[in-house]
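So the chains spell out like this:
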Amino acid sequence: MSDPAFPSDWAEKLLSGDRRILAKAVTLVESTRSDHRDQAEALIAAVMPHTGKSTRIGISGVPGVGKSTFIEAFGQHVTDLGHRIAVLAVDPSSKRAGGSILGDKTRMEVLSRNPAAFIRPSPAGSTLGGVARRTRESMLLCEAAGFDVILVETVGVGQSETAVADMTDMFLLLLLPAGGDELQGLKKGIVELADMVLVNKADGDLAAQAKRTAADYHGALRLLNKVQADWTVPVLPCSALTGQGVDEAWTRIQAFRDLGTGNGGFQARRRDQARSWLWDELLAELTQRLRQDDTVRDMLPAVQKAVADGDLPAPIGARQLVDALLLGRNALQK
């Protein structure tokens, strides 16, 4: 990977749909090495004109709701219709050991063998919302390789799910069949992000309960007053196990995209995503520069101790470190 000429070579192969190069390219953009970052940025810049034509869908739900099973059924359905689907499944990382299970390919055994599908598990790392920092770049690479449906599966409800909503065209929330008590525990902020809600496991003994739950959530969403021009958030029962409702979910996704394309909402959402990406990268870059700066690194132990001991308010300590970085930069320029 040290050859500086390889990004242009990889760009050409990526645009031809080379899956092996796609996998390597995603590994490249996930790397934290500075030389790899330079190459990754060159690669992204080269393929950027060939991106943006896919439908990007974020999927979230509590552990055990059946996200992977649903994605497999959904993926098989859309590929049968002639689409190519890329699944970016983000696994939780251990805060102690730093590793992750990365088991999505084992849970999507059938879809992983589908030549029209690409499944890439990635560790969430330290980012919130269950989304790896480089997920946006991975989406662009998949689009360049010809995948027209991109799914981003998050770790699950409980962190900042706005992360996936800020990088996808449609946010899909999967729920379990539940009774009234569980409905009272509904997290308003998460549901308000949803553009569509599916109550999974609507089969067997749970079929009737799933339909009741869908009706209850439909009523709850009306009370939440989710405002979106010309779009009423659908709440549908489905079964990833039997495939029931999967075709209806895809039909609603297409309708949502057609509506957004027609009224300009789709383009506005993409522009908002680009601005959000810029700010995320700006904050991440600033944090990295702070950690790498010699002056800041020398000051950091004393500032951290003062804050931990209660002698210095954290906002003042943070400002001192940022000022040290900026003053050092200005001195170098002079």
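Residues numbered from 1 in each chain as written. Predicted model: local features only at pLDDT ≥ 70, side-chain atom pairs only at ≥ 80, totals over all residues. Heavy atoms only, no water.

Going by what an unreviewed UniProt entry lists, the protein is known as Methylmalonyl Co-A mutase-associated GTPase MeaB and is assigned to Pacificispira spongiicola.

Caption draft 1: How the structure looks around the nonpolar core. In this structure, L22, F70, F74, V87, L141 and L198 are the most contacted members of the largest nonpolar core, which totals 73 residues. Apart from residues no more than four positions distant in its own chain, V87 is found in contact with I71, M108, L111, F118, I119, R120 and L151. Counting residues in hydrophobic clusters, the runner-up holds 8 residues, among them L290, A306, L312 and L325. (Core = buried A, V, L, I, M, F, W, Y, C linked by side-chain atoms within 4.5 Å. Buried < 20%, exposed > 50% of the residue type's maximum accessible area, 1.4 Å probe, protein only. Contact = heavy atoms within 4.5 Å.)

Caption draft 2: Region of interest: a nonpolar patch on the surface. A contiguous nonpolar surface patch, about 340 Å² in accessible area, is contributed by W279, L282 and L283. Looking at where L283 falls in the secondary structure, it is placed in helix α13 (residues 265-292). (Patch = residues over 30% accessible without salt bridge, like charges linked within 9 Å, V, L, I, M, F, W, Y side chains within 5 Å. Areas by Shrake-Rupley, 256 points an atom, 1.4 Å probe, with all protein chains shown as cover. Salt bridge = Lys/Arg side-chain N within 4 Å of Asp/Glu carboxyl O. Helix = DSSP H or I, 4+ residues; strand = E, 2+ residues; numbered from the N terminus.)

Caption draft 3: Layout of the packing of helix α2 (residues 19-30) against helix α3 (residues 34-47). Axis separation between α2 and α3 bottoms out at 8 Å; the angle between their running directions is 125°. By the angle class used here, α2 and α3 are oblique. Between α2 and α3 lies a crossing of left-handed hand. On α3, the residues that touch A25, L28 and V29 of α2 are H36, R37, Q39, A40, L43 and I44. (Axes fitted to C-alpha atoms, helices over the stretch in contact; angles between N-to-C directions. Parallel < 35°, antiparallel > 145°, perpendicular 65-115°, else oblique. Left-handed = near helix turned anticlockwise from the far one by under 90°.)

Caption draft 4: Highlighting helix α4 (residues 67-80). Given a rise of 1.5 Å per residue, 14 residues ought to cover 20 Å, and the 20 Å separating the end C-alpha atoms of α4 matches this to within 8%. For α4, the tally of buried residues reaches 10 of 14 residues, placing the bulk of the element in the interior. Burial in α4 covers these residues: K67, S68, F70, I71, E72, A73, F74, G75, V78 and T79. Just beyond α4, the residue with positive phi is G82, at close to 100°. (Expected span 1.5 Å × (residues − 1).)

Caption draft 5: Examining the pattern of salt bridges more closely. Across all of its chains, the model carries 17 salt bridges by this definition. For E137, the salt bridge identified is with R37, shortest N-O distance 3.3 Å. Of this pair, E137 sits in helix α7 (residues 135-144) while R37 is found in helix α3, placing the two residues 100 residues apart along the sequence. E137 sits in the buried class, given a relative accessible area of 4%. With a shortest N-O distance of 2.7 Å, R270 and D169 are connected by a salt bridge. Placement of R270 in helix α13 and of D169 in the loop between α8 (162-165) and β5 (170-175) is noted, with a sequence separation of 101 residues between them. In this structure, R270 and D169 share a single accessibility class: buried. Each of R37, E41, R134, E137 and E281 takes part in salt bridges that share partners, so that together they form one network.

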